[in-house]
Amino acid sequence: MTARLHERAVDIAGVPVIFFLLSHKGLMKKIYLIITFLMVFLLLGCPPPPKAGKKMPRIFALSYSMETRREPSFLIADDFNRNNILDLVVVNSGDSSFSFYKGNGDGTFKDQRVFRTGGDPICLVSADFNEDGYKDVGVLNYADQSIQIYLNTRLGSFQKTNQLLMPGKIPINMASGDFNGDGRMDLIVTMRFSNVVMPESMAVKGQPTGIVVGDYNQDGMTDVAVALAGNGNKGVQVLWGKGDGKFESSKVFKAGKQPLSIVSLDVNNDGWMDFVTSSNSLHALTTIVNKGDKTFDSLKDFASGNFPKFVVAADFTGDGLQDIAVSNATDDRITVSLGRGDGTFTYPPIYHTVDEHPQGMAVGDFNGDGLIDIAVSCRDKNLIDILSKKDMINPKPDLPQKESKSS
């Protein structure tokens, strides 16, 4: 008897596998035994999905929204008029401008004041550049490949200076810090291809994207952590500051497959600052734990929504543990993952709906109630949404219970 081939699709462990089955009965029996064996092997060989904790209630409520210009993105909060009330500044990438919002102290803000920038502003920093005691604004323009400085007039406004800095081709991100110990604020810029500028150019071991500044080895000198993505080395490289404007490069520490943004926080309450990176195309975040000896360990990737864009950190529940909030650009949601104090975060995350295409975020107490709030720029609606903690529950993560010591 001539056997005939038939195509049949079998779903094994969620993966469709195509088998060609023979119509002869004896052969069919053997084939099905093989299929059964493969199914058992694959199912037992696949790790179980992470166990989800209890679903927790929202801890923020959308309490206020305000208009921006076109395509708001990078957002910062600071006290620009020294009245102990936080203000907001956001770059409007589609409008070549930034908007300044003076805080009222009750979770609302005065109408925006708009300042013209160079083409396609993508990042900004606040720092006292002229040492008058008031925070100024530095804006990084992607299309113009320039940095502009706006001095604080102390009257709720800013004055653009004539100084135009040209860091080089394709600037991506920017941060400020005192890198040479002279008490004055400096700037550092990541360039798309393999270097950072501060103002001298320094090569790194990959394609730099996000950047944060801090003292990561507790020697009293300012260091820089750079996220590296692209086709080369991927991870985080730390530039150890020497206090004179020069740096010592670390090796590249694993930090996700395509880390585009980075935030520093103490994830395990040991007094050393760690990092969390986001890889938005892979829907993943990664924790990088500081070992205190100028090396870092990368923990297993975790999820907090789809296409994570920006990440901010704060103790949102008041339990003494650092949490993170993530803007998920395609979900139109902000997710909050609560820190467990051991470098991991609760799952599933807590979802909060905002307006379309959330981008930049800033945290702070915007309404004066002593609780941390979140501001988020929503690109496609030209809005900033304020998420307030007022009258909301503070859920606590399911922390492992410590065994009581017998007397």
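Attention here is on the structure that accompanies the text. (Residues numbered from 1 in each chain as written. Predicted model: local features only at pLDDT ≥ 70, side-chain atom pairs only at ≥ 80, totals over all residues. Heavy atoms only, no water.)

Points about the sheet that holds strand E19 (residues 247–253)
Link 1 in the chain: With antiparallel pairing, the four strands of this open sheet are ordered in space as E16-E17-E18-E19. One side of each edge strand has no neighbouring strand; the edge strands of this open sheet are strand E16 (207–214) and E19. Neighbour to neighbour, the strand axes of the sheet diverge by 20 degrees on average, direction disregarded.
Link 2 in the chain: Pairing analysis gives six bridges linking E16 to strand E17 (residues 223–229), with the strands arranged antiparallel. Bridge assignment links glycine 214 to a residue of E17, and that residue is aspartate 223. (Pairing = 2+ DSSP bridges. Helix = DSSP H or I, 4+ residues; strand = E, 2+ residues; numbered from the N terminus. Axes fitted to C-alpha atoms, helices over the stretch in contact; angles between N-to-C directions.)

A look at the sheet that holds strand E30 (residues 383–388)
Link 1 in the chain: Read across the open sheet, the four strands follow the order E3-E30-E29-E28; overall the sheet is antiparallel. Looking at which strands have only one partner, the edges of the open sheet turn out to be strand E3 (61–67) and strand E28 (358–364). Between one strand axis and the next, the sheet turns through 20 degrees on average, direction left out of account.
Link 2 in the chain: Where E28 meets strand E29 (residues 373–378), five bridges bridge the pair, whose relative direction is antiparallel. Bridge assignment links proline 358 to a residue of E29, and that residue is cysteine 378.

Digging into empty space enclosed by the protein
Link 1 in the chain: For the structure shown, the criterion picks out two cavities of 30 Å³ or more.
Link 2 in the chain: Within this model, the largest cavity holds a volume of roughly 40 Å³.
Link 3 in the chain: Every residue along the wall of the largest cavity is listed here: Phe80, Asn81, Phe100, Lys102, Asn152, Gly156, Ser157 and Phe158. (1 Å grid on protein atoms, 1.4 Å probe; cavity = no way out; pocket = protein on both sides within 12 Å on 5 of 7 lines; lining within 4 Å. Points joined across faces, edges and corners; volume = space filled by probe spheres on them.)

Concerning the pattern of salt bridges
Link 1 in the chain: One pass over the structure, following the stated rule, counts seven salt bridges.
Link 2 in the chain: Its salt-bridge partner being arginine 184, residue glutamate 131 comes within 3.1 Å of it at the nearest N-O pair. Of this pair, glutamate 131 sits in the loop between strand E8 (121–127) and strand E9 (136–141) while arginine 184 is found in the loop between strand E12 (171–177) and strand E13 (186–191), placing the two residues 53 residues apart along the sequence.
Link 3 in the chain: For lysine 294, the salt bridge identified is with glutamate 248, shortest N-O distance 3.5 Å. Remark: glutamate 248 occurs in strand E19 and lysine 294 occurs in the loop between strand E22 (284–290) and strand E23 (296–298); sequence separation between them is 46 residues.
Link 4 in the chain: On the basis of relative accessible area, lysine 294 is assigned to the partly exposed category, the value being 31%. (Salt bridge = Lys/Arg side-chain N within 4 Å of Asp/Glu carboxyl O. Buried < 20%, exposed > 50% of the residue type's maximum accessible area, 1.4 Å probe, protein only.)

A word on the layout of surface pockets
Link 1 in the chain: Considering only enclosed or pocket space, the largest pocket measures out at about 890 Å³ in volume.
Link 2 in the chain: Phe74, Leu75, Ile76, Val212 and Met361 are the residues nearest the centre of the largest pocket, which is lined by 30 residues in total.
Link 3 in the chain: If you list the elements that add at least two residues to the lining of the largest pocket, you get strand E4 (72–78), E8, E12, E16, strand E20 (261–265), strand E24 (308–314) and E28.
Link 4 in the chain: With five residues, the single largest contributor to the lining of the largest pocket is E4.
Link 5 in the chain: Here the lining of the largest pocket is built from residues that sort into 21 nonpolar, seven polar and two charged. (Nonpolar A, V, L, I, M, F, W, Y, C, P; charged D, E, K, R; others polar.)

Quick look at the environment of threonine 117
Link 1 in the chain: Along the chain, the position of threonine 117 falls in the loop between strand E7 (113–116) and E8.
Link 2 in the chain: Separated by 22 residues in the primary sequence, threonine 117 and aspartate 95 place their C-alpha atoms 8.8 Å from one another.
Link 3 in the chain: Threonine 117 has contacts with Ser96, Ser97, Phe98, Val139, Asn141, Gln148 and Tyr150, leaving out every residue within four places of it along the chain.
Link 4 in the chain: Polar contacts involving the side chain of threonine 117 include one to the main-chain amide nitrogen of serine 97, which spans 3.2 Å. (Contact = heavy atoms within 4.5 Å. Polar contact = N/O pair within 3.5 Å; in protein donor to acceptor, adjacent residues only side chain to side chain.)

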